[in-house]
Amino acid sequence: MESPQIEMGGSKVNSPQVPNGGLRPSMAGSWNSQRTVERALKSIRIVIFTSKLNLLLTFGPASIILHFTSRRHGLVFLFSMLGITPLAERLGYATEQLAIYTGPTVGGLLNATFGNATEMIIAMYALKNGMIRVVQQSLLGSILSNMLLVMGCAFFAGGIVHRNKDQVFSKATAAVNSGLLLMAVMGLMFPAVLHFTHSEVRQGASEVALSRFSSCIMLVAYASYLYFQLSGRSSIYSPIGSEEVPNEDATEEDEEAEIGMWEAITWLAVLTLWVSVLSEYLVNAIEGASDSLNLPVAFISVILLPIVGNAAEHASAIMFAMKDKLDITLGVAIGSSTQISMFVDGTANYLKGLMLILCYLIVAASFFVHVDPQSSDD
């Protein structure tokens, strides 16, 4: 069989045909390289240039430059915080894209893990600098932010979009999350009670031992919860009144991934690394920012840091609420800090969301005027 001919400069030459009819390896490799570059450029366009929030990305490098060229800790802190905010939101986006490939259950676990990545990284740098009080307050702030601000904004936005009805969610989900919340409160409360009542068997040692034991118990509880979800028991979570009625929304649209699985994994690694870099500058500037901006460290730790850390959860919770997917909103917004038992009737509307937001404003105002007492046994 003759090889196909290609006209070149008025003469015909044989094309580089291989016996099986395909192109030579060099041409195939060039084609694959071109496709790889095109996919990479498309991924960068989708992740970096499709979100208006990414305009804040420039504040990240600016904070590093300010750190080395000036002593304006207030600006370094603000710029670092603004630079981390879109990174946290993009972390949530990459996690959602990866969840499309892994399924909803594993996807929920990934969302919970990487949704808290920013807070965990900030906490690690704070611990490294010996800022234990900042870590304690930021954990408290994270719980309050999820319970009130994130959930309140989600309920409010969802209620406005679906103002003609009450949105519903699963009572079973609320019951499980409330139980986890109760255990978490007990694990945190009893070591604190032991500390402030000075009723330890061994001064100092008993408090630490109880705290570590409680931590291990909470880890076991969380592992059991993950097994409960991954074992397929999540099918019991069905919204009130749904019973056996098929979900038309679920069948009418199947979400398609915008980027590939390995692209999502790569973006998770890159974004986490960049968050880690900026978090170090953020933590180092906290005390200086407190002095220059005239803000209590407690307000920075309880209010500002959690808002940055919860950017991904905040955006995702509102988005799902506006799509009337309230059970997903609960899973994203409250995670380990569940307070949905206050809405145990299983319904939500914009008024309840507004109430939560107003409660959070009261909490924020309280820490704005609060200063930790100087104490040796703090």
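Small disclaimer: the values here were computed from a predicted structure and weren't measured.

Q: Summarise the overall build of the chain; cite the residues concerned and give the values.
A: Scanning the chain from N- to C-terminus turns up 15 helices and four strands. Scored against the burial criterion, the 378 residues of the chain give a buried share of 41%. Taking the intrachain contacts of the chain between residues at least 6 apart in sequence as the baseline, contacts between residues at least 24 apart amount to 78%. Accessible area of the chain: about 21600 Å², with a carbon and sulfur share of 64%.

Q: Please give an account of the pattern of salt bridges that cites residues and values.
A: Within the structure shown, the criterion is met by two salt bridges. E263 is the salt-bridge partner of R39, the closest N and O atoms lying 3.2 Å from each other. Residue R39 is located in helix α1 (residues 25–49), and its partner E263 is located in helix α10 (residues 261–284); the two are separated by 224 residues in the primary sequence. The exposure class of R39 is partly exposed, given its relative accessible area of 44%. For the salt bridge of E89 with R90, the shortest nitrogen-to-oxygen distance reads 2.8 Å. Note on R90: relative accessible area 6%, which makes it buried.

Q: Outline the packing of aromatic side chains, listing residues and values.
A: Summed over all chains, the structure comprises three aromatic pairs. Judged by centre distance (6.2 Å) and plane angle (70 degrees), the rings of F68 and Y281 are edge-to-face. Highlighted residues: F68 in helix α2 (residues 59–69) and Y281 in helix α10, separated in sequence by 213 residues. Between R90 and the ring centre of Y93, over which it is positioned, the NZ or CZ distance is 4.4 Å.

Q: Mind laying out the confidence of the model for the chain, listing which residues take part and the relevant values?
A: Per-residue pLDDT for the chain has a mean of 75; in total, 73% of the residues score no lower than 70. Of all the helices and strands in the chain, helix α9 (residues 248–252) carries the lowest mean pLDDT, 41, while α2 carries the highest, 91. Confidence over residues 6–11 falls short of pLDDT 50; this stretch has six contacts with residues more than four positions distant or in other chains.

Q: Report on a nonpolar patch on the surface, specifying residues and quantitative values.
A: Taken together, F156, I160, Y350, L351, L354, M355, L358 and L361 make up a surface patch of nonpolar side chains, about 700 Å² in accessible area. When contributions to the nonpolar patch are tallied by element, the ones reaching two or more residues are α6 (132–161) and α15 (350–368). Tallying contributions element by element places α15 first for the nonpolar patch, with six residues. Of the residues examined, L354 reaches a relative accessible area of 34% and is grouped as partly exposed.

Q: Mind laying out the nonpolar core, listing which residues take part and the relevant values?
A: Counting 66 residues, the largest nonpolar core has F77 and L305 as the members making the most contacts within it. At eleven residues, α6 tops the list of elements feeding residues into this core. Ignoring any residue separated from it by four or fewer positions in sequence, one finds L305 in contact with F77, I122, V134, L282, I286 and I300.

Q: Describe in detail the environment of L273, supporting the description with residues and values.
A: Mapped onto the fold, L273 is located in helix α10. On the basis of relative accessibility, which here comes to 57%, the residue L273 falls in the exposed class.

Q: How would you sum up helix α12 (residues 297–309)? Please name residues and give values.
A: Side chains three or four residues apart in an α-helix point the same way, a direct result of the helix having 3.6 residues per turn. For α12, spanning 13 residues, the distance from its first C-alpha to its last is 17 Å, which sits close to the expected 18 Å at 1.5 Å a residue. Buried residues dominate α12, accounting for eleven of its 13 residues. The complete set of buried residues in α12 reads A298, F299, I300, S301, V302, I303, L304, L305, P306, V308 and G309.

Q: Mind laying out the packing of helix α5 (residues 117–128) against α10, listing which residues take part and the relevant values?
A: Running from N to C, α5 and α10 cross one another at 45 degrees; their axes reach a closest spacing of 9 Å. When the axes of α5 and α10 are compared, the pair comes out oblique. Read as a crossing pair, α5 and α10 show a hand that is right-handed. For the pair α5 and α10, the contacting residues are T118, I121, I122, Y125 and A126 in the first and T272, V275, S276, S279, E280, L282 and V283 in the second. Here the residues of the contact of α5 with α10 are counted per class, giving seven nonpolar, four polar and one charged.

Q: Which residues make up the packing of α2 against α10, and what are the values?
A: For the pair α2 and α10, interaxial distance at closest approach is 10 Å and the crossing angle is 35 degrees. Between α2 and α10 the crossing geometry is left-handed. Facing G60, P61, S63, I64, H67 and F68 of α2, the residues of α10 in contact are W274, V277, L278 and Y281. In the contact of α2 with α10, the residues fall into seven nonpolar, three polar and no charged.

Q: Can you explain the environment of L87? Please cite residues and give values.
A: Within the element layout of this structure, L87 appears in helix α3 (residues 73–102). In the structure, L87 is positioned 185 residues away from T272 in sequence and 8.1 Å away in space, judged by C-alpha atoms. When near neighbours in sequence (up to four residues on either side) are disregarded, L87 contacts L57, L271, W274, V275 and L278.

Rules used throughout
- As a convention, each chain's residues are numbered from 1 in the sequence order in which they are written.
- Given that the model is predicted, a residue must reach a pLDDT of at least 70 before its local features are reported, and side-chain atom pairs must reach 80 or more before they are shown or counted; all residues, however, enter totals for whole chains, interfaces and linings.
- Side-chain measures were taken over the full set of non-hydrogen atoms in the model, leaving aside hydrogen atoms and water.
- For the purposes of this entry, the term helix denotes a DSSP run of H or I that reaches at least four residues, the term strand denotes a run of E that reaches at least two, and both are numbered from the N terminus.
- Under the scheme applied here, a residue whose accessible area is under 20% of the maximum for its type counts as buried, over 50% as exposed, and between as partly exposed, the area being computed with a 1.4 Å probe on protein chains only.
- The contact criterion used is simple: two residues touch if any of their non-hydrogen atoms lie within 4.5 Å.
- Surface exposure here means Shrake-Rupley accessible area, sampled with a 1.4 Å probe, where a residue is shielded only by the protein chains that are shown.
- We define a salt bridge as a contact between a side-chain nitrogen of Lys or Arg and a carboxyl oxygen of Asp or Glu at a distance within 4 Å.
- Pairing of aromatic rings covers Phe, Tyr and the six-membered ring of Trp, with a centre-to-centre limit of 6.5 Å; geometry is then stacked below 30 degrees between planes, edge-to-face above 60, and tilted otherwise.
- We call a charge positioned over a ring when the NZ of a Lys or the CZ of an Arg lies within 6 Å of the ring centre and within 35 degrees of the ring normal.
- Residue-level confidence of the predictor is what pLDDT reports, using numbers from 0 through 100.
- A patch consists of residues whose relative accessible area exceeds 30% and which take part in no salt bridge; residues with like charges are grouped when within 9 Å of each other, and nonpolar side chains (Val, Leu, Ile, Met, Phe, Trp, Tyr) when within 5 Å.
- As used here, the term nonpolar core means buried Ala, Val, Leu, Ile, Met, Phe, Trp, Tyr and Cys residues forming a set that is joined through side-chain atoms within 4.5 Å.
- An expected span of 1.5 Å times one less than the residue number is assigned to each helix.
- Every axis in this analysis is a line fitted to C-alpha atoms, fitted for helices over the stretch in contact. Angles between the N-to-C directions lie between 0 and 180 degrees.
- Geometric relationships in this document are graded by angle, where less than 35 degrees denotes roughly parallel, more than 145 denotes roughly antiparallel, 65 to 115 denotes roughly perpendicular, and other angles denote oblique.
- In this scheme the handedness of a crossing depends on how the near helix is turned from the far one: anticlockwise by less than a right angle means left-handed, clockwise means right-handed.
- Gly is put with the polar residues, along with every residue not named as nonpolar or charged; the nonpolar set is Ala, Val, Leu, Ile, Met, Phe, Trp, Tyr, Cys and Pro, and the charged set is Asp, Glu, Lys and Arg.

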